[in-house]
Amino acid sequence: MTLYVLRRLAQAVLVVAGVVILTFVVARVVPGDPAASWAGPKASQEELDAIRARLGLDAPVPEQIVSYFAGVVKGDWGVAVHTHRPVMEDLLDRAPASIELVVVAMIFALLFGIPCGLLSARWNRRLPDSVVRFGAVFAVSMPSFWLALILQLVFFQKLRWFPVAGQYDPNLDYTHPLVQYTQMPIVDALITGNWWVFRSALWHVVLPAVVVAAYPFGVITRMVRASVLDTLGEDHVRMVRALGFSERSVFAKWTLKPALNPVIAVLALVFAYSLANSFLVESIFNWPGLGAYAAASVAALDTPAIVGVTLFIAIVYVIGNLVVDIAQTALDPRIKLS
Amino acid sequence: MRRFGTVKALVALVVVALAAAACTGTTATPSGGGGTTSGGTPVDTNFTMSFTGEIMVGWDPSDSYSNDVTAMQNMYETLTRYNSETQQVEPLLATSWTSNDAGTEWTFDIRSGVTFHTGRAMTAEDVKASIERTMDINGGAAYIWSPVKSIDAPDDTTVVFTLKYSAPLDLIASADYAAYIFDTQAAGGADLAKWFADGAEAGTGAYTLDSWDQGAEVELRLKAFPEYWGGWDATHYQNVIYRVVPEATTAAQLLRSGQVSWVERLNPQLWGTFQNDPTTTTTSTASWQTLLAMLNTTDGPLADARVRQAVMAGIDYDGMMQALQGGAQKLSGVIPPGLWGHVDDLYPTYDPEKAKSLLQEVGYGPGGQAMDLELTFVQGDSDEQLVATLIKSNLADLNINVQSRGMQWTAQWSKAKSANVAERQDIFLFYWWPDYADPYSWFINLFHTEDPPFFNLSYYSNADVDTRMEQAEQMAASDRAQATQMFQDLQQTLYTDAPSISVYTQTYQRAMLKSVGGYVDNPAYPNCVFVYDLTPGVA
């Protein structure tokens, strides 16, 4: 087990290093001068030269990559050109909001995806199945920005059920100030017992989370359906049915658990995918996560920040996969790590 | 069955939580900014602004040179302020000023009874210390002080500037960047630059820092400074809130529901939807962000002045303005309206017949030799993209083939400055704006002989123009009316020589709640709202 984890970690480091080198080279090959972005549009030549030296831009690209890696190992992810702050600090400030949004979205996706998948499998090729399958395809293929705008229009502008944007009502900062520990308002409000902010935050997260949840919902529904149908054909289920157990307990007891394994495997990938996919959604719902930061970094040709965001997402992908692989053995004794 | 039980419990929990949230939701909906209350705070006392990008990029008043200006101008003050409506410089921390005839020695009377947000009283010595620190750090827009040789503070309310050469110091002191007066002792014995960088301020403005949350949606809050020298007897906003809203559609929704009071920028279509909205007001003001097409006067076909004039006459400016839907307006001369030195009736005009005959003189034009021109613009700016497309299609009628290239600004600029003359473009599209209210900014940076080129990207060199602009700037210190005349004459010369085409000046299209009273856009301070000058009203 330990050996397996170590080997997987070593592989992960290689993957991440590859991603970083690729991003770094692409970001540097694009014509442009990060020093000019740093100094602003009217900087003098002396200023530009000084900044270039300070940011290490006068060194050749391979040398810059080496010194970047040396920094990453020590926890120094470079300084962002457009915020003038360490990239690590920027990411730590913004990642919690993105993670909060994606976690809520994943909860939505699981809460609705698993029952829908079961429903679909239970009434295979009947009306419920068709409805769910259509819903799943719709959710996966819907462009997220379009869905976001439609939800804003319907649920904010027309019905006024949910707020248009933001994490919680900013006026609450004057009446019920929130003490921040994790930078995730829902969590912070919960642990400090600030119910005003908690309710406002829950109310605010619904629309963006529904948009982010659309894709994972579709994937999970289809996965559960396919996997349950697969399991239903297995010998043990046939035997249970032959013994006269009710359909309900056949599904709940003997089918769902083995069927969930592939679902969990896909969960990690979908989580990391949603993190990157939420960028557009974040900007529409004004969610202060990594999305706006990534967009601003690209616009400013901010190599350290672009590489930082990429590195972060790559790490989430790799760790997510590892955690899922380990979790699967715990859930299904048939799987062995080797 | 246990699994189903857990799932059911989770669903029930979420449903209950959402229901609870939805219930509060209705009560927490902020209303239209009229004297109602939300959670105990009168909405009227808060002025909420919506900006598209992060606000506080820098905190140091000496070298802040970015979006932060919009907040800095409410926390800090300068000696003077330029009023674009009267085109005059007005007192702020200085109550009056005089200069000698040569414009090389300036004496400012400093306002007494001014307190820094740190609690210390401001004196002439602090004014001297602030500007000297800015000059020492020499970052951002600090170069505006380069004429200054020495600063003296003979008593608590007098500051004397001795200059190396004549310069309009009253205008320089009104600059939007690098001219702030601050408490240089704010950090005590510690490093002041570090103290600022951690998110602190030491100004004299009407509002002081309340909270700053970098990367958050509500990034910055300012609150009224009780000891502000202007006093709080009249009605003013008590809190200033800066929200970062990158999407224009979201900003529009927030304004419509009264959750923000003022929006920095909407696209022309969205802005138009607010014009007939009973709860909002809109304003449209010419900015000082001028879009210029710099023509290559040294290399290629445009080296001939007749070809440049032909290109200038070959562009349909009215059609362009229509396509921009009010996002910009035609520019007469190079100096925008609202800035002294602006000249009327010097608009570039569309005259395809004139263009054809000029081109025929040099063997080009319809029926003649085809001409190839390369135009560069900043990628991602949809207005510039539109302008490039229109220029390309207009000039195609004149048998001129324009190859337009959208580039990153830094790449576009490097190409223009290239030591290899053949590398350089024929038409360079870019924005210019001044760092203080002085038309000289356009002349010295864009049209003064410069080798190697930095911003003179038409590579224009005219000894007579060089001398005349230097004389005009010297005159600006002592006789502004005379200087105005000289700058206007210079624009006439440039119009004939045509080293550049004044394509347009951007329009600030703002939308705000009807309850916001006394709003005036001052293009000398781009995107700055002087919140103290506003009157909160009841909608």
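Note that this is a predicted model, so its numbers are computed, not measured.

## Focus: the overall build of chain B
Helix and strand counts for chain B stand at 15 helices and 21 strands. Over its C-alpha trace chain B gives a radius of gyration of 26 Å, about what one expects of a compact globule, namely 24 Å for 539 residues. In terms of principal-axis extent, the alpha carbons of chain B reach across some 85 × 75 × 45 Å. Looking at the 539 residues of chain B, the share that counts as buried comes to 50%. Long-range contacts, defined as pairs at least 24 residues apart, comprise 69% of the intrachain contacts of chain B with a sequence gap of at least 6.

## Digging into the sheet that holds strand 7 (residues 105–110) of chain B
Strand-to-strand pairing in sheets goes through backbone hydrogen bonds, with the strands running parallel or antiparallel. Residue and element names in this part refer to chain B. Taken together, four strands build an open sheet; the order of strands is 6-7-9-8 and the sheet is antiparallel. On the outer flanks of this sheet lie strand 6 (94–99) and strand 8 (148–155), each paired with one strand and no other. Direction aside, neighbouring strands of the sheet carry axes that sit 20° apart on average. In this structure, strand 7 lies alongside strand 9 (residues 158–163), joined through five bridges in antiparallel fashion. Residue pairing for strand 9: Phe108 is matched across the bridge by Val159. Taken strand by strand, helix 3 (residues 124–137) contacts strand 7, strand 8 and strand 9, and its axis lies near 160° from that of strand 8.

## Observations concerning the domain arrangement of chain B
Residue and element names in this part refer to chain B. Taken domain by domain, chain B comprises domain 1 (29–52 + 206–279 + 514–539), domain 2 (75–186) and domain 3 (286–507). Distance from the C-alpha centre of domain 1 to the C-alpha centre of domain 3: 37 Å. Taken together, the five residues of domain 1 in the interface contact ten residues of domain 3. Here the residues of the side of domain 1 that touches domain 3 are counted per class, giving four nonpolar, one polar and no charged.

## A few points about the domain arrangement of chain A
Residues and elements named next belong to chain A. Entries for chain A in the domain assignment read domain 1 (1–37 + 300–338) and domain 2 (94–287). On a C-alpha basis, the centroid separation for the pair domain 1 and domain 2 is 25 Å. Counting from both sides, the interface comprises twelve residues of domain 1 and, opposite them, eleven residues of domain 2. Its residues assigned to classes, the side of domain 1 that touches domain 2 comprises eight nonpolar, three polar and one charged.

## Quick look at helix 10 (residues 195–232) of chain A
Residue and element names in this part refer to chain A. The terminal C-alpha atoms of helix 10 lie 45 Å apart, and with 38 residues this falls more than 12% below the ideal 56 Å at 1.5 Å per residue. Along its length, helix 10 reaches its greatest deviation from straightness, about 40°, at Ala213, and the proline Pro216 lies no more than four positions downstream. Burial within helix 10 is extensive, with 32 of its 38 residues counted as buried.

## Examining the packing of helix 1 (residues 2–29) of chain A against helix 4 (residues 61–73) of chain A
All names here are of chain A. Closest axis-to-axis distance for the helix 1/helix 4 pair is 11 Å, and the angle between their directions is 135°. Taken together, the axes of helix 1 and helix 4 lie oblique to each other. In terms of crossing hand, the pair formed by helix 1 and helix 4 is right-handed. Counting all contacts with helix 1, which are made through Ile21, Phe24, Val25 and Arg28, the residues of helix 4 involved are Val61, Ile65 and Tyr68. Per-class residue counts for the contact of helix 1 with helix 4 are six nonpolar, no polar and one charged.

## A closer look at the pairing of strand 18 (residues 427–432) of chain B
In summary, the side chains of a regular strand alternate between the two faces of the sheet. Residues and elements named next belong to chain B. Of all six residues in strand 18, five are buried, a share of seventy percent or more. Here six bridges tie strand 14 (residues 280–295) to strand 18, and the two strands are oriented antiparallel to one another. Looking at the pairing, Met294 lines up with Phe428 of strand 18. Bridge count between strand 16 (residues 371–378) and strand 18: two bridges; the pairing is parallel. When the sheet's bridge partners are listed, Thr376 is paired in strand 18 with Phe428.

## Remarks on the packing of helix 9 (residues 185–192) of chain A against helix 10 of chain A
Residues and elements named next belong to chain A. The contact between helix 9 and helix 10 brings their axes to 8 Å, and the two run at 155°. Comparing their axes, helix 10 and helix 9 come out roughly antiparallel. Remark: the crossing between helix 9 and helix 10 carries left-handed chirality. In contact with Pro185, Ile186, Ala189 and Leu190 of helix 9, helix 10 contributes Val197, Phe198, Ala201, Leu202 and Val205. For the contact of helix 9 with helix 10, the residue count by class is nine nonpolar, no polar and no charged.

## A short note on the environment of B:Glu54
All names here are of chain B. Here Glu54 shows up in the loop between strand 3 (46–51) and helix 2 (69–75). Residue classification places Glu54 among the buried positions, given that 22 C-beta atoms sit within 10 Å. In this view, Glu54 contacts Asn67, Glu219 and Val244; residues no more than four positions away in its chain are not counted.

## Concerning unusual backbone geometry
Leaving glycine aside, a negative phi is the common case for residues, and trans is the common case for peptide bonds. Residues and elements named next belong to chain B. Cis peptide bonds are those with omega within 30 degrees of zero, and the linkage from Asp451 to Pro452 qualifies with 0°. Along the polypeptide, Pro452 turns up in the loop between helix 13 (440–447) and helix 14 (463–478). Positive phi is not limited to glycine here, since Asn138 has a value of about 55°. In this structure, Asp345 is a non-glycine residue whose phi angle is positive, near 60°. Note that Asp345 resides in the loop between strand 15 (328–329) and helix 10 (352–361).

## Looking at the environment of B:Leu395
Residue and element names in this part refer to chain B. Here Leu395 is to be found in helix 11 (residues 382–396). Residue classification places Leu395 among the buried positions, given that 21 C-beta atoms sit within 10 Å. Here the alpha-carbon distance between Leu395 and Ile315, two residues 80 residues apart in the chain, equals 7.0 Å. Discounting residues that sit within four places of it in the chain, Leu395 has contacts with Val311, Gly314, Ile400 and Val402.

Here is what the cut-offs are and how they apply
Residues numbered from 1 in each chain as written. Chains lettered and ligands numbered in written order. Predicted model: local features only at pLDDT ≥ 70, side-chain atom pairs only at ≥ 80, totals over all residues. Helix = DSSP H or I, 4+ residues; strand = E, 2+ residues; numbered from the N terminus. Rg over C-alpha atoms; globule rule 2.2 N^0.38 Å. Buried ≥ 20, exposed ≤ 12 C-beta atoms within 10 Å, placed from the backbone. Contact = placed C-beta atoms within 7 Å. Pairing = 2+ DSSP bridges. Axes fitted to C-alpha atoms, helices over the stretch in contact; angles between N-to-C directions. Domains from an automatic or database assignment. Nonpolar A, V, L, I, M, F, W, Y, C, P; charged D, E, K, R; others polar. Expected span 1.5 Å × (residues − 1). Bend = angle between axes of the 7 residues up to and from the residue. Parallel < 35°, antiparallel > 145°, perpendicular 65-115°, else oblique. Left-handed = near helix turned anticlockwise from the far one by under 90°.

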